[in-house]
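# Structural features, examined
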Amino acid sequence: MELHFSKNLTKYRKRRGLTQGQLARKLNVTPQAVSKWENGSLPDSEFLPHIAQILGISIDVLFGLKPEMPEPDLEQSIADKIRHTPEPERADVMMQLVYAAFTAYHDYKISKQTYPENLELETYAELRTDYECALARLNEDMKYMCFVKTPENGVDSYTAPTEGMVHLFRTLADEDAITLIHYLGSSHRNRMQSLDFITAQVGLPREKVAMLMDNFDRLGLVWRVSADIADTPSIIYGYGYNTPLVCLLVIAKSLAQYIRFHDLFVDNYTRGPFRSNAARENKPVPQVSNWSEQENFKEELS
């Protein structure tokens, strides 16, 4: 039994991509203890459930008493779960799946963290590592999630300022532009409207609406076509469901107000997602003393 345990511990540790030191930290033991286990000794029984949980197997499999079950088809299971969920409820299922993924980064001691419900305060789940960043708003009135995988060379090349990006933010900096987007985004699909009709609905000056619609056209947020209406050549506009714009405006609200409350905050990054050449030679900064050290310093002074 000891031989099966040692071989399986090594096998499944490596399968999980863990070094002896990493497994030791998860178990709060020394790397030497893990090395002894992999060379024939057995850990105390209290460690066995946690070891099996970390390795994703049962204790019986760990000791070679039962064969390993084949890995479940996770992608198919998720697809089946969503497919068999009524459409109005699918967004909630998606958020629960996202939240469950966030908890995996936090290395919780418990096997499952429950998605929070009935939140009174505006609450977010946030993930910041060297390899990804993500933000999810958990409240029922507006749930969303944004996930970014950080490339090795950072996000700089993708987010570098371009003429189009500068034009977009200059346009959105106008409060009237947001008002007009809200109106256009509320229209039915494929509805075409004239400039005069839009102006009457939003209550803005015609010249301002014309300027904004021209900017929207350049950004691809609307399209315009020529039409002969009552023998008068006219321009009419249609609004496209612009998904990136919707996501940008929703996340902008969170950016504009300081996030105060988290229910799950994974914060184990060593550097940000940008890789500016000017910052590549920067060395790690010295860490500020924590409160406990300062309290000890006060005691020494007294």
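Chains are numbered independently. Their residues run from 1 in the order of the written sequence. Where totals are concerned, whole chains, interfaces and linings use all residues; where local detail is concerned, this predicted model gives features only for residues with pLDDT of at least 70, and gives and counts side-chain atom pairs only at 80 or more. With hydrogens and water set aside, each side-chain value is computed from the structure's full complement of heavy atoms.

### Quick word on the nonpolar core
Across soluble globular proteins, nonpolar side chains have a tendency to be buried as a group. Test applied: Residues grouped as a nonpolar core are buried Ala, Val, Leu, Ile, Met, Phe, Trp, Tyr and Cys residues, joined through side-chain atoms within 4.5 Å. The cut-offs for exposure are 20% and 50% of the maximum accessible area for each residue type, with area from a 1.4 Å probe on protein chains only; residues under the lower value are buried, those over the upper are exposed, and the others partly exposed. Only runs of H or I of at least four residues qualify as helices and only runs of E of at least two qualify as strands under DSSP, and these elements are numbered from the N terminus. Working rule for contacts: check all heavy atoms of both residues, and any pair within 4.5 Å makes them a contact.
Grouped together as the largest cluster of nonpolar side chains are 20 residues, with contacts concentrated most on Leu180, Leu184, Ile198, Val209, Met213, Phe216 and Val222. Listed by contribution, the elements that provide at least two residues to this core are helix H9 (163-172), helix H10 (175-185), helix H11 (195-202), helix H12 (206-219) and strand S6 (232-239). No other element matches the five residues that H10 contributes to this core. In this view, valine 222 contacts Leu184, Met213, Phe216, Asp217, Tyr237, Gly238 and Tyr239; residues no more than four positions away in its chain are not counted. In this structure, Phe5, Tyr12, Phe47 and Val61 belong to the second largest nonpolar core, which totals 19 residues.

### Some details on the pairing of strand S3 (residues 144-149)
To keep it simple, the criterion reads: Any two strands are treated as partners once DSSP identifies two or more bridges connecting them.
Strand direction decides the pairing type here: strand S2 (residues 132-137) and S3, joined by six bridges, are antiparallel. Across the sheet, alanine 136 pairs through a bridge with methionine 145, a residue of S3. Between S2 and S3, which follow one another and run antiparallel, lie six residues.

### Let's talk about the environment of threonine 179
You can see threonine 179 is positioned in helix H10. Given a relative accessible area of 37%, threonine 179 falls into the partly exposed group. When the C-alpha atoms of threonine 179 and valine 202 are compared, they prove to be 7.7 Å apart, with 23 residues separating the residues in sequence.

### Here's the deal with the sheet that holds strand S7 (residues 261-267)
What counts is decided by this rule: Axis definition: a line fitted to C-alpha atoms, limited for helices to the stretch in contact. Angles are taken between N-to-C directions and run from 0 to 180 degrees.
Strand order in this open sheet of four strands is S3-S2-S1-S7, and the pairing throughout is mixed. In this open sheet, the two strands that pair with only one neighbour each are S3 and S7. Geometrically, the sheet is characterised by an average inter-axis angle of 5° between neighbouring strands, direction not taken into account. This element, helix H13 (residues 243-256), spans strand S1 (123-128), S2 and S3 of the sheet and lies at about 90° to S3.

### Concerning the sheet that holds S6
An order of S4-S6-S5 is seen for the three strands of this open sheet, with the pairing classed as antiparallel. Two strands bound the open sheet, and with one partner strand each, they are strand S4 (192-194) and strand S5 (222-229). Each neighbouring strand pair of the sheet contributes to a mean axis angle of 40°, computed without reference to strand direction. Pairing of S4 with S6, which is carried by three bridges, proceeds in the antiparallel orientation. Paired with serine 194 across the two strands is isoleucine 236, which belongs to S6. H10 rests against S4, S5 and S6 of the sheet, and its axis sits at about 90° to S6. Against the sheet, H12 engages S5 and S6, with an angle of about 120° to S5.

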